[in-house]
Amino acid sequence: QVQLVESGGGLVQAGDSLRLSCVASGDITCIGPMGWVRQVPGKGRELVASRTGNGRPYYADSAEGRFTISMSRDDAKKILYLEMNSLTPEDTAVYFCKAVPEGSWCGHDDYWGQGIQVTVSS
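Residues numbered from 1 in each chain as written. Predicted model: local features only at pLDDT ≥ 70, side-chain atom pairs only at ≥ 80, totals over all residues. Heavy atoms only, no water.

> Break down unusual backbone geometry for me, citing the residues and quoting the values.
The phi dihedral of Ser86 is positive, around 50°, even though this residue is not glycine. Position of Ser86 relative to the elements: it lies in the loop between β8 (78-84) and β9 (93-101). (Helix = DSSP H or I, 4+ residues; strand = E, 2+ residues; numbered from the N terminus.)

This is the structure in structure tokens:
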């Protein structure tokens, strides 16, 4: 019903910036709040940032002041962005785009992208 595809990851140096994008397509009426989750091997997933369409965005303490989440949409898709500045090696992780289903016809499981690697070298 909903597909999420991330892009924009890669290898950067400490202090650099990077912008991740997530294109949500399919039945976009099913898409509620969206966010970015990251995972480091051997550790749990961390919600980095999230937002609803018009609500105040949420940022993890580790992202506050450095990352900005934003969203755009048209009739066919929603695009979620994560602008990451002043990156540090601690930001190295696989970043996933996530959407919460909204609507009784949409199922109960969250939608996830395939994940994209961000590597920050020191």
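> Pulling in residues and values, what's your account of the side chain of Arg51?
The topology assignment puts Arg51 in strand β5 (residues 45-51). Of the side chains with opposite charge, Glu64 comes closest to the buried, unpaired Arg51, at an N-O distance of 12 Å. Those residues in contact with Arg51 that lie beyond four places of it in its chain are Pro33, Met34, Pro57, Ile69, Ser70, Met71 and Leu80. (Buried < 20%, exposed > 50% of the residue type's maximum accessible area, 1.4 Å probe, protein only. Lys, Arg positive; Asp, Glu negative; His and termini not counted. Salt bridge = Lys/Arg side-chain N within 4 Å of Asp/Glu carboxyl O. Contact = heavy atoms within 4.5 Å.)

> Lay out the pairing of strand β3 (residues 18-26) in plain terms, naming residues and giving numbers.
Here six bridges tie strand β1 (residues 2-7) to β3, and the two strands are oriented antiparallel to one another. Each residue of the ladder has a partner; that of Glu6, found in β3, is Cys22. Two elements, β3 and β8, share seven bridges in a ladder whose sense is antiparallel. The residue of β8 that forms the bridge with Arg19 is Glu83. (Pairing = 2+ DSSP bridges.)

> Break down the environment of Leu18 for me, with residues and values.
Within the secondary structure, Leu18 is located in strand β3. With 96 residues separating them in the primary sequence, Leu18 and Gln114 have C-alpha atoms 18 Å apart. Once residues lying within four places of it in the same chain are set aside, the contact partners of Leu18 are Gly8, Gly9, Gly10, Val12, Leu82, Glu83, Met84, Leu87 and Val118.

> Help me get a handle on the nonpolar core, residues and values and all.
Formed by 31 residues in total, the largest nonpolar core has its most connected members in Leu4, Met34, Trp36, Leu82, Met84 and Tyr95. Within the residue set of this core, elements represented by two or more residues are β1, β3, β4 (31-39), β5, β7 (67-73), β8, β9 and β11 (116-121). (Core = buried A, V, L, I, M, F, W, Y, C linked by side-chain atoms within 4.5 Å.)

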